Amino acid sequence: MFLYDFLNGFFFSAQTLTTVGYGGIAPHGVASNMVASFEAMLGLLSFSFITGLLYGRFSKPKAAIRFSDNLVLRDFKEHKALMFRLMNNRKTVMIEPEIKVTLVLNEENKKGNYKREFYELRLERDSIMYLPTIWTVVHEISKESPLYKYTKEQIKEMDGQVYILLKYYEESFGQKVYQATSYNFSNLEIDMKYASSSYFDEEGYTILNHDKLSEVQKMD
């Protein structure tokens, strides 16, 4: 009898919490109706809370950018240049991507103490209209660059990091998304250039090979 009463109460609570309401048992009296009302309210609040958590977790817009595994330091025009590449991991087009690159160096001052310095690097192009393929981001090491006074080998040996923030309009979410990454100078490839990520087939169509995002080759 106890097990039968327990199961009846359990099934009544489950039906009330889930708002199924089969009607196998109906509450009678003030106390039982208050318990049923509380369970019904608790069920509604619980489901709305869980739905909100799941929606917020899986619908949160995220960027899906893949960055090259390395940095390239090579001769560029009349100076040197620091470069890296990126691409969109989704099939959608990146609309109005904008990028900011910050260089962090541990530099010694006149007193012999080291201080962490931050520099925003000027880029050859820090924004474009849209990106359907691969983007090579270039910082030309001109006289305005904090790296101008150093040789390639000195830059390679420096305790420096490059911090990158990219934002763009993601059409699948209908809003702007952000992604950040960073490089150490230990990832630096000197006097190398990125391999071409595209070629033409026999019919003249352009073929993109995103597997070559980080592939480098010797300078000619």
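Refer to the preceding data block for the structure.
Residues numbered from 1 in each chain as written. Predicted model: local features only at pLDDT ≥ 70, side-chain atom pairs only at ≥ 80, totals over all residues. Heavy atoms only, no water.

Q: Explanation requested: the side chain of Asn88 in the structure shown.
A: Secondary-structure assignment places Asn88 in strand E3 (residues 79–88). In this structure Asn88 comes out as buried when scored by relative accessible area, which is 7%. Within the local environment of Asn88, its side chain forms a polar contact with the backbone nitrogen of Arg90, the two atoms lying 3.1 Å apart. Setting aside its immediate chain neighbours within four residues, Asn88 contacts Ala64, Ile65, Val93, Met94, Thr133 and Tyr168. (Helix = DSSP H or I, 4+ residues; strand = E, 2+ residues; numbered from the N terminus. Buried < 20%, exposed > 50% of the residue type's maximum accessible area, 1.4 Å probe, protein only. Polar contact = N/O pair within 3.5 Å; in protein donor to acceptor, adjacent residues only side chain to side chain. Contact = heavy atoms within 4.5 Å.)

Q: So what exactly am I meant to see when it comes to unusual backbone geometry here?
A: The phi torsion of most residues other than glycine is negative, and most of the peptide bonds are trans. A positive phi is found at Lys77, a non-glycine position, where the angle reads about 55°. With respect to the secondary-structure elements, Lys77 resides in the loop between strand E2 (71–76) and E3. Look at Asp191: it is not a glycine, yet its phi comes out positive at around 55°. Within the secondary structure layout, Asp191 lies in the loop between strand E10 (188–190) and strand E11 (192–194).

Q: Sorry if this is basic, but what is going on with the pairing of strand E5 (residues 114–120) here?
A: A regular strand carries its side chains on alternate faces of the sheet. Where strand E4 (residues 94–108) meets E5, seven bridges bridge the pair, whose relative direction is antiparallel. Bridge pairing in E5 links Glu108 to Tyr114. (Pairing = 2+ DSSP bridges.)

Q: Explain the packing of aromatic side chains here, please?
A: Each pair of aromatic rings is reported with the distance of its centres and the angle of its planes. All told, the structure shown has two aromatic pairs when counted by the stated rule. Geometrically, the ring pair formed by Phe67 and Phe84 is tilted, given 6.5 Å between the ring centres and 45° between the ring planes. In this pair, Phe67 is assigned in strand E1 (residues 65–67) and Phe84 in strand E3, connecting sequence segments 17 residues apart. Considered together, Phe67 and Phe84 belong to a single accessibility category, that of buried residues. With centroids separated by 5.6 Å and ring planes inclined at 40°, the aromatic side chains of Phe84 and Tyr183 adopt a geometry described as tilted. Here the residue Phe84 occupies a position in strand E3, and Tyr183 occupies one in strand E9 (residues 175–184), the gap between them amounting to 99 residues. (Phe/Tyr/Trp six-rings, centres within 6.5 Å; stacked < 30°, edge-to-face > 60°.)

Q: Help me out: how do you make sense of the pairing of E9 in this one?
A: Summarising the sheet, strand E8 (residues 160–170) and E9 pair through 10 bridges and their orientation is antiparallel. Of the residues in E9, the one forming a bridge with Tyr169 is Lys176. Linking E8 back to E9 in an antiparallel pair, the connection comprises four residues, with Gly174 at a positive phi of about 75°.

Q: Can you help me understand a nonpolar patch on the surface in this one?
A: A cluster of nonpolar residues, Leu3, Phe6, Leu7, Phe10 and Phe11, forms a patch on the protein surface that exposes about 510 Å² of accessible area. Tracing the backbone through its elements, the reader meets Phe10 in helix H1 (residues 2–17). (Patch = residues over 30% accessible without salt bridge, like charges linked within 9 Å, V, L, I, M, F, W, Y side chains within 5 Å. Areas by Shrake-Rupley, 256 points an atom, 1.4 Å probe, with all protein chains shown as cover. Salt bridge = Lys/Arg side-chain N within 4 Å of Asp/Glu carboxyl O.)

Q: For this particular structure, what's the right way to read the environment of Phe76?
A: Along the polypeptide, Phe76 turns up in strand E2. Accessibility expressed as a relative area gives 14% for Phe76, which makes it buried. In contact with Phe76, other than residues within four places in its own chain, are Ala81, Met83, Glu124, Val138 and Glu140.

Q: Looking at this structure, how should I read the pattern of salt bridges?
A: Note on pairing: side chains with opposite charge can pair once their charged atoms come close. For the coordinates displayed, the defined rule picks out six salt bridges. For the salt bridge of Lys167 with Glu98, the shortest nitrogen-to-oxygen distance reads 3.8 Å. You can see Lys167 sitting in strand E8 and its partner Glu98 sitting in strand E4, a full 69 residues away along the chain. A salt bridge links Lys176 to Glu98; its shortest N-O distance comes to 4.0 Å. With Lys176 in strand E9 and Glu98 in strand E4, the pair connects residues that are 78 residues apart, well separated along the chain. Salt bridges sharing common partners tie together Asp75, Lys152 and Asp191.

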